[in-house]
Amino acid sequence: MSKHSKHVLGVVLVLALAIIAAWSHGTARANITQSLYLPLVMYNSGSATNFVEADIDEPLSLDPAWDYETAGANIIQNVYEPLVMYKRDSVTDFVGVLATDWKTSADGKTWTFTIRKNVKFHNGDTFQPSDVAYSYVRGFIQSQMGGPQWIMLQPFFGPTVSFGFLDTSVRPGDKTGDDVVNSLYNGNFVAACQAAQRMIVADNTAGTVTMTMPAPWGPFLPSIANAWGGIIDQKWAVAQGDWDGNCADAQKFNDPSAANDPLSSKMNGTGPYMLSQWQKGNQITLTANPNYWATQPLWTGGPSGAPKIKNILIKIVPDWGTRFAMLTTGGADTIDVPSNYYPQVDPLVKQDCDPAGTGQCTPVNANGFLTSYQNMTQLSQDTMFFNQKVNTTGGNSFIGSGQLDGNGVPPNFLADLHIRKAMVACFDYATFLQQARNGQGIVPNGPVIPGELGYDPNGPAQKFDLATCQSEFAAAAGDPGLAGLSNNGFFMDFVYNTGNSNRQSAGQILAANVAKVNPKFHISVIDEAWSTFLKDQATRRLPLYMLGWLEDYHDPNDWVMPYLSSGGTYSSSQSFDPTLQNQLDSLIHQGLATTDPATRAPIYSQLNALSIQNALDIFVDTPISRRYEQQSVQGWFFNPIYQNGNTTYYYVLSKGQ
């Protein structure tokens, strides 16, 4: 620890202690959202029945059909439940949650789920099969742009569905025909809704839900096993002002903003925890469900009965120093630790555990008080994204003057292949891994990450080379509209989410190397609050930014769809060249047209190669992460799909003394 860090720590320790004191005295705060009128709870981490976590960001929404980011998923997976979930640490095996059994027809097109009996929602309503059918169809018709519903829609409406149920976007460059209503039902929203209701049929008397698809869908169970598969209470949802199940009224509930979604800040699930309060910008509190239905473990050695941890407090703390002080003073049981801070935390560790390997824990420091979980290769990737057509409606300060005059860049600056290749070559991957990951990470060669079907370790890859960077910028100066590049220089912003120091570091590395090539080339590294950041990204206002992708289900389609398809979560706001976009879409659809791995693998290898050849993004790394928690915490395990270093299934936790 440097002496500068010690000086900062002295300040944040005082702040952390003040925060803890405020919790223990039950300080009231404004802007509180409560669910089901549960009492407010304030506490610190000292009790064996309390668990305090300090995170960088808060959710955008708590609606399982709407939310599509880890901060929200972390809450949703503890309050709402799907039909099936992953079996402990497996990414391929499943256990029944709200379904006790399931079977498929001989042709693989029909799935029948037997629904669990004697389950209550948190408000006391009885869970029944019709709630499952309602939840699925409600998610379909909602289909907020950039949300998770493409994962749920594709099995029922085909792999060409990229946007969702209806594309309400007016963004330039969108490809028509990739939504359900327009491509399959001639723009008739009611007919599409009715078709969805015919595909998912509940029988409350028989206790079943039957789902019928046009063709077999291999990854169907993985598709429904995550947060967006959470089941809500139809009766309660309607009482909150949500869709009533009538297709004639359905379109008004399509693509709502978080602010206009009736269930964005309210929750009523069947899970082990209930939402007690959401103090926006400050904290989220979950309270144990005392009547939780799971009287038997879902897997050998798993938990059962009411949760052992009674209260979960998730503090929103973007500042690293404050989070670290909370961990060292006992004010938090676990915190979000960016990998560049691992060396600061490691001296406090008493035992290292290897959850992805031997499962064993090794003592490392008799005077330590933390447990660390090591060597966890994430099913994720960090990426710098190029926006090739920046939205300038109402002005846009992210591209400065909007001209190549030394004070900005034109909106289509990054549409130039030479510019993108220069940026790719100016990024020092090894330095980033060392600074941000302590050398622990893998540089992928495209959106399909190592370990996935079709990943070719010998395929074309991105490399740091200042000479190439310089020559590509020089070549760009000969392209239309860029003649003044070398003499005038340029200015643009690189944007990351507040508190994410790794992304900040990546931006600074790129900016420094670009300036080495030409001191007139300026990239300013700035941050935005999470919700603002995602909004600006989705509306194409950011020219250059960094985000991550965490695997939804273990298949390369879950990588090429968000990164490369015309309606992808990221690619839809990047404005790829139309000819290339058509080629990418065609290959993606080919990859879904067969279940034969030998046929699919070369398709995904080709998609990776096209991504590199066209410098569509800077593929930074697949991280190898760690988790730190107080040694009193017990029961955590590593599942890279739903229980990684930054999200927690709290039901498995307990605390010793």
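In this text, all values refer to a predicted model and were calculated from it rather than measured experimentally.

Asker: Describe helix α11 (residues 417–426), naming the residues involved and giving the relevant values.
Answerer: Turn by turn, an α-helix covers 3.6 residues, leaving residues three or four places apart pointing in a common direction. Where burial is concerned, most of α11 is hidden: seven out of the 10 residues are buried. I419, R420, A422, M423, V424, A425 and C426 are the residues of α11 that are buried. For α11, the side-chain oxygen to backbone nitrogen distance between the N-cap and H418 is 2.9 Å, and the N-cap itself is D416.

Asker: How would you explain the pairing of strand β8 (residues 208–212) if you had to name every residue and give the values?
Answerer: On a regular strand, one side chain projects to one face of the sheet and the next to the other, so that they alternate. Where strand β6 (residues 110–115) and β8 come together, five bridges link them in antiparallel fashion. Residue pairing in the sheet places T110 in a bridge with T212 of β8. Bridge analysis of strand β7 (residues 200–203) against β8 gives four bridges, and the strand direction is antiparallel. In the strand pairing of β8, V201 is matched with T210. The loop that links β7 with its antiparallel partner β8 comprises four residues; one of these, G207, has a positive phi angle of about 75°.

Asker: Tell me about the pairing of strand β20 (residues 544–550), and please be specific about residues and values.
Answerer: For β20, a buried count of five out of seven residues is recorded, marking the element as mostly surrounded by other parts of the structure. As defined by bridge partners, strand β16 (residues 380–386) adjoins β20 across seven bridges and the pair is classed as antiparallel. Residue pairing in the sheet places M384 in a bridge with M546 of β20.

Asker: Break down the packing of aromatic side chains for me, with residues and values.
Answerer: Counted according to the given criterion, the structure contains 42 aromatic pairs. Arranged with centres 6.1 Å apart and planes meeting at 80°, the rings of F140 and F157 form a pair that is edge-to-face. One end of the pair, F140, is in helix α3 (residues 129–142); the other, F157, is in helix α4 (residues 149–157), with 17 residues separating them in the sequence. F157 carries the same exposure label as F140, and that label is buried. Measuring from ring centre to ring centre gives 6.1 Å for Y642 and Y649, while their planes differ by 70°; the resulting arrangement is edge-to-face. Owing to a relative accessible area of 6%, Y642 belongs among the buried residues under this scheme. Its relative accessible area of 4% is what places Y649 among the buried residues. A network of ring pairs unites the aromatic residues Y68, W228, F385, W530, F533, Y545, W549, W559, Y563, Y570 and F619 as a single cluster.

Asker: Outline the pattern of salt bridges, supporting the account with residue identities and numerical values.
Answerer: Any two side chains of opposite charge can pair, on the condition that their charged atoms come close. Within the structure shown, the criterion is met by 11 salt bridges. With a closest N to O distance of 2.3 Å, D382 and R437 form a salt bridge. Taken together, the positions of D382 in strand β16 and R437 in helix α12 (residues 429–437) put the pair 55 residues apart, joining distant regions of the chain. The class for D382 is buried, based on a relative accessible area of 10%. Among the residues examined, R437 registers a relative accessible area of 9% and is labelled buried.

Asker: Describe helix α15 (residues 501–517), and please don't skip the residues or the numbers.
Answerer: Compared with the 24 Å implied by 1.5 Å per residue over 17 residues, the 25 Å span of α15 between its first and last C-alpha is a close match. Burial analysis of α15 places 12 of its 17 residues in the buried class, which makes it a mostly covered element. The set of residues buried in α15 consists of S501, N502, R503, S505, A506, G507, I509, L510, A511, N513, V514 and V517.

Asker: For the sheet that holds strand β5 (residues 99–104), give the residues involved together with the corresponding values.
Answerer: The strand order across the open sheet formed by four strands is β5-β6-β8-β7, and the pairing between neighbours is antiparallel. Looking along the sheet, the strands with just one partner apiece sit at the ends: β5 and β7. Adjacent strand axes in the sheet meet at a mean angle of 15°, parallel and antiparallel pairs treated alike. Relative to the sheet, α3 contacts β6, β7 and β8, its axis offset from that of β7 by approximately 160°.

Asker: I'd like to hear about the environment of K655, residue by residue, with values.
Answerer: Assignment of secondary structure puts K655 in strand β23 (residues 654–655). Separated by 165 residues in sequence, K655 and F490 have C-alpha atoms that sit 55 Å apart. Reaching out from K655, the side chain makes a polar contact with the backbone oxygen of N50 at a distance of 2.8 Å. Separated by 2.9 Å, the side chains of K655 and D333 make a polar contact.

Asker: So, the packing of α3 against α4: which residues are in play, and what are the values?
Answerer: Two elements in contact, α3 and α4, have axes separated by 9 Å at closest approach and are oriented at 105°. Put simply, α3 runs roughly perpendicular to α4. Counted together, Y136, G139 and F140 of α3 and Q149, M152, L153, F156 and F157 of α4 form the full contact between these two elements. Grouping the constituent residues of the contact of α3 with α4 by class yields six nonpolar, two polar and no charged.

Asker: Requested: an account of empty space enclosed by the protein, with residues and values cited.
Answerer: For the structure shown, the criterion picks out five cavities of 30 Å³ or more. By volume, the largest cavity amounts to about 160 Å³. Forming the walls of the largest cavity are 13 residues, and the residues nearest its centre are Q77, Y80, P82, M85 and A225. Elements with a minimum of two residues in the lining of the largest cavity: α2 (70–79) and β3 (84–86). In terms of residue class, the lining of the largest cavity is built from 10 nonpolar, two polar and one charged.

Asker: Residue-level account of unusual backbone geometry, with values.
Answerer: We note that R88 has phi near 45°; this positive angle belongs to a residue other than glycine. Owing to a relative accessible area of 33%, R88 belongs among the partly exposed residues under this scheme. A positive phi angle, close to 55°, is found at N438, a residue other than glycine. Take N438: it is sitting in the loop between α12 and β17 (441–442). Exposure remark for N438: the relative accessible area of 26% places this residue in the partly exposed category.

Cut-offs applied
- Residues numbered from 1 in each chain as written.
- Predicted model: local features only at pLDDT ≥ 70, side-chain atom pairs only at ≥ 80, totals over all residues.
- Heavy atoms only, no water.
- Buried < 20%, exposed > 50% of the residue type's maximum accessible area, 1.4 Å probe, protein only.
- Helix = DSSP H or I, 4+ residues; strand = E, 2+ residues; numbered from the N terminus.
- Polar contact = N/O pair within 3.5 Å; in protein donor to acceptor, adjacent residues only side chain to side chain.
- Pairing = 2+ DSSP bridges.
- Phe/Tyr/Trp six-rings, centres within 6.5 Å; stacked < 30°, edge-to-face > 60°.
- Salt bridge = Lys/Arg side-chain N within 4 Å of Asp/Glu carboxyl O.
- Expected span 1.5 Å × (residues − 1).
- Axes fitted to C-alpha atoms, helices over the stretch in contact; angles between N-to-C directions.
- Contact = heavy atoms within 4.5 Å.
- Parallel < 35°, antiparallel > 145°, perpendicular 65-115°, else oblique.
- Nonpolar A, V, L, I, M, F, W, Y, C, P; charged D, E, K, R; others polar.
- 1 Å grid on protein atoms, 1.4 Å probe; cavity = no way out; pocket = protein on both sides within 12 Å on 5 of 7 lines; lining within 4 Å.
- Points joined across faces, edges and corners; volume = space filled by probe spheres on them.

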